[in-house]
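What the coordinates show
Read off the chains here:
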Amino acid sequence: MSQSERFPPSRYGQAERHMAESLVELERRILSEEETEECDCKEGMFNGLTRRGLLAGGLALSGAAISGGRARAEAPPGAIEYPVQPDSTKEQGRIILDDGGYGSRSQFENEVRWRYPTASLDSSWSMTPLAAGHGIITPSGLHFERHHGGIPAIDPRTHALILHGMVDQPIRFTMDDLKRLPAVSRMHFIECSGNGLTEWVQPTLKTVQGTHGLTSTSEWTGVRLSTVLEMAGIQDGAAWILAEGADAAVMTRSVPIDKAMDDAILAYAQNGEALRPEQGYPLRLLLPGYEGNTHIKWLRRLEVSDKPFMTREETSKYTDLMPDGSARQFSLEMDAKSVITFPSGAMKLPRAGYYEITGLAWSGRGAISSVEVSADGGETWHEAELEGPILPMCHTRFRLPWTWTGEEAVLQSRAVDDTGYIQPTLQELVEVRGTKSVYHLNAIQSWHIAASGEVTNVHA
């Protein structure tokens, strides 16, 4: 199938089509580089990047470089190369804080994010390697990103948040002011509404990192947005808040006042430490369950109003064209969704026998109440075990023991949230939404397992 047939102009705008085509080429390059690397210790089951593939592909694509001596240059990002001890019980290990005092991961772990290869490096995104994850928390260094004007370097000592508009008392908060207020810590996922934009018409990307990698879960710490709004005094008639970032794009989105007063957080920490610059350091807006574009990073201004502000990101972008030609606007909540991360695309099961099917489920409207798994393309379903904690607007890990007979199989997962919403098939979704929009794809994902054990992305 040609790219024009896979991403038809009737459905994909010029920018969206270029994004999809570039993602296909990026994944093809990375996987082809992995195939050139052979290792006696490789069981063939997982599609992790090899050392050569990592250096030739992942780093070159991201424009990253590893500084330091030769040993450091040979290690994956975030790691340091050390001589492997023939027998670690016969000699002392390396000294404490030899890595500089912050800590590094093992030199044998090499998962990285993919960077979408935009023409402008300042406006791009990276994708989380979901298949490599354990539990529900995404390491901060692997959390997906989306940027429209690069990653700013902001001094927290001079950064401030301005709150004004329909309030009794406009207030300017420094970071020290915010950190003196009562704090909360909560685990929530963030998902880009464009997650899976290549998969509407045909199964396109091969790995779960490609099909679903624009979602991650972290523990977020900060001040409830309602706390600062109450300090300023919300005036009668106030209904919306404009959130504005301090990046070069000056990202803005309108947020309903009800959401702001409910569970929104002004986050300054992630996974127990300060936000990373690519996640909005020193301050970001966290809107549990809402599409990622609304979680404004490098937050500098909040303006309260009686109506939405109709910014670029909620008019020409992030709206959903419907079958009747109308556009659905402010489709902010992310519907219930799940995906099997093992076994998943580009993996290969080495032999018939016992495996544990596992994956992630999430919903922007509440907590996951159940996940069912099918090994026959949806003909029969079996309830998976949900691993705690099971939290609202948070990834939930599910598991199901499975014995593969060595015959062809099609694996699927179907999530149900505590509102009763059931994750739809692609056909069911298209019947309601049509085929003119690329956002908010939450359809059931299918992985085909061939008799050879190879796992591929299919529509079933």
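What you are looking at is a predicted structure, and each value in this text was computed from that prediction instead of being measured.

Structural notes on the sheet that holds strand E9 (residues 252-256)
- Strand order in the open sheet formed by 5 strands is E5-E4-E13-E8-E9, and the pairing between neighbours is mixed. Whereas interior strands pair on both sides, the edge strands pair on one side only; in this sheet they are strand E5 (171-174) and E9. Strand-to-strand twist in this sheet, taken as the mean axis angle between neighbours without regard to direction, amounts to 20°.
- Relative to strand E13 (residues 299-305), strand E4 (residues 160-165) is paired through 4 bridges, and the arrangement is parallel. Residue pairing across strands places His-164 opposite Glu-303, the latter belonging to E13.
- Along the sheet face, helix H7 (residues 225-232) touches E4, E5, strand E8 (240-245) and E13 and points at about 140° away from the line of E5.

Observations concerning the pattern of salt bridges
- With the rule as written, the count across this model stands at 23 salt bridges.
- Between Arg-157 and Asp-155 there is a salt bridge, with the nearest N and O atoms lying 2.9 Å from each other.
- The class for Arg-157 is exposed, based on a relative accessible area of 73%.
- By relative accessible area, Asp-155 is classed as partly exposed at 28%.
- Arg-365 is the partner of Asp-335 in a salt bridge, and the nearest nitrogen-oxygen pair spans 2.0 Å.

Here's the deal with the side chain of Ser-216
- Tracing the sequence through the fold places Ser-216 in strand E7 (residues 215-224).
- Residue Ser-216 is classed as buried on the basis of its relative accessible area of 0%.
- Polar side-chain contacts of Ser-216 include one of 3.1 Å to the backbone nitrogen of Phe-144.
- Among all residues touching Ser-216, those that are not within four sequence positions of it are Thr-128, Thr-138, Leu-142, His-143, Phe-144, His-188, Phe-189, Ile-190 and His-395.

Quick look at the nonpolar core
- With 36 residues, the main nonpolar core has Leu-178, Leu-225, Val-228, Leu-266, Leu-285, Leu-299 and Leu-302 as its most contacted residues.
- Elements represented by at least two residues in this core include exactly E4, E5, helix H5 (175-179), H7, E8, helix H8 (257-262), strand E10 (265-270) and E13.
- No other element matches H7, which puts 4 residues into this core.
- With sequence-adjacent residues up to four places away left out, Leu-266 is seen in contact with Leu-161, Leu-178, Thr-221, Gly-222, Val-223, Leu-225, Val-228, Leu-283, Arg-284, Leu-285, Leu-299 and Leu-302.
- The next biggest cluster of nonpolar side chains, apart from the first, holds 32 residues, and it includes Leu-349, Val-371, Val-373 and Trp-404.

As for the sheet that holds strand E19 (residues 382-383)
- On the basis of which strands lie adjacent, the open sheet formed by 5 strands has the order E19-E18-E22-E23-E24 and antiparallel pairing. Looking along the sheet, the strands with just one partner apiece sit at the ends: E19 and strand E24 (455-458).
- Taken together, the 6 bridges between strand E18 (residues 368-374) and strand E22 (residues 409-417) define a ladder with antiparallel strand orientation. Along E22, the bridge assignment pairs Glu-372 with Arg-414.

Some thoughts on the environment of Pro-288
- Tracing the backbone through its elements, the reader meets Pro-288 in the loop between strand E12 (284-286) and E13.
- As a C-alpha pair, Pro-288 and Ile-190 span 98 residues in sequence and 7.4 Å in three-dimensional space.
- Apart from residues lying up to four places away in sequence, Pro-288 is in contact with His-188, Lys-259, Asp-263, Ala-264, His-295 and Met-393.

Section: the pairing of E4
- Relative to E5, E4 runs antiparallel, the two being bridged by 4 bridges. Paired with Ala-160 across the strands is Thr-174, a residue of E5.
- In this antiparallel pair of consecutive strands, E4 and E5, the connection spans 5 residues.

Comments concerning the packing of aromatic side chains
- Inspection of the entire model under this criterion finds 4 aromatic pairs.
- Considering the side-chain rings of Tyr-318 and Tyr-439, the 5.1 Å spacing of their centres and the 25° angle between planes classify their relative orientation as stacked. With a gap of 121 residues between them, Tyr-318 in the loop between E13 and strand E14 (320-321) and Tyr-439 in the loop between helix H9 (426-433) and strand E23 (446-449) connect regions that are remote in the sequence.
- Here Lys-179 stacks its cationic end above the ring of Tyr-268, 5.6 Å away from the centre of that ring.
- Lying across the ring of Trp-381, Arg-414 places its NZ or CZ 4.1 Å from the centre.

Procedures and definitions
Residues numbered from 1 in each chain as written. Predicted model: local features only at pLDDT ≥ 70, side-chain atom pairs only at ≥ 80, totals over all residues. Heavy atoms only, no water. Pairing = 2+ DSSP bridges. Helix = DSSP H or I, 4+ residues; strand = E, 2+ residues; numbered from the N terminus. Axes fitted to C-alpha atoms, helices over the stretch in contact; angles between N-to-C directions. Contact = heavy atoms within 4.5 Å. Salt bridge = Lys/Arg side-chain N within 4 Å of Asp/Glu carboxyl O. Buried < 20%, exposed > 50% of the residue type's maximum accessible area, 1.4 Å probe, protein only. Polar contact = N/O pair within 3.5 Å; in protein donor to acceptor, adjacent residues only side chain to side chain. Core = buried A, V, L, I, M, F, W, Y, C linked by side-chain atoms within 4.5 Å. Phe/Tyr/Trp six-rings, centres within 6.5 Å; stacked < 30°, edge-to-face > 60°. Lys NZ or Arg CZ within 6 Å of the ring centre and 35° of its normal.

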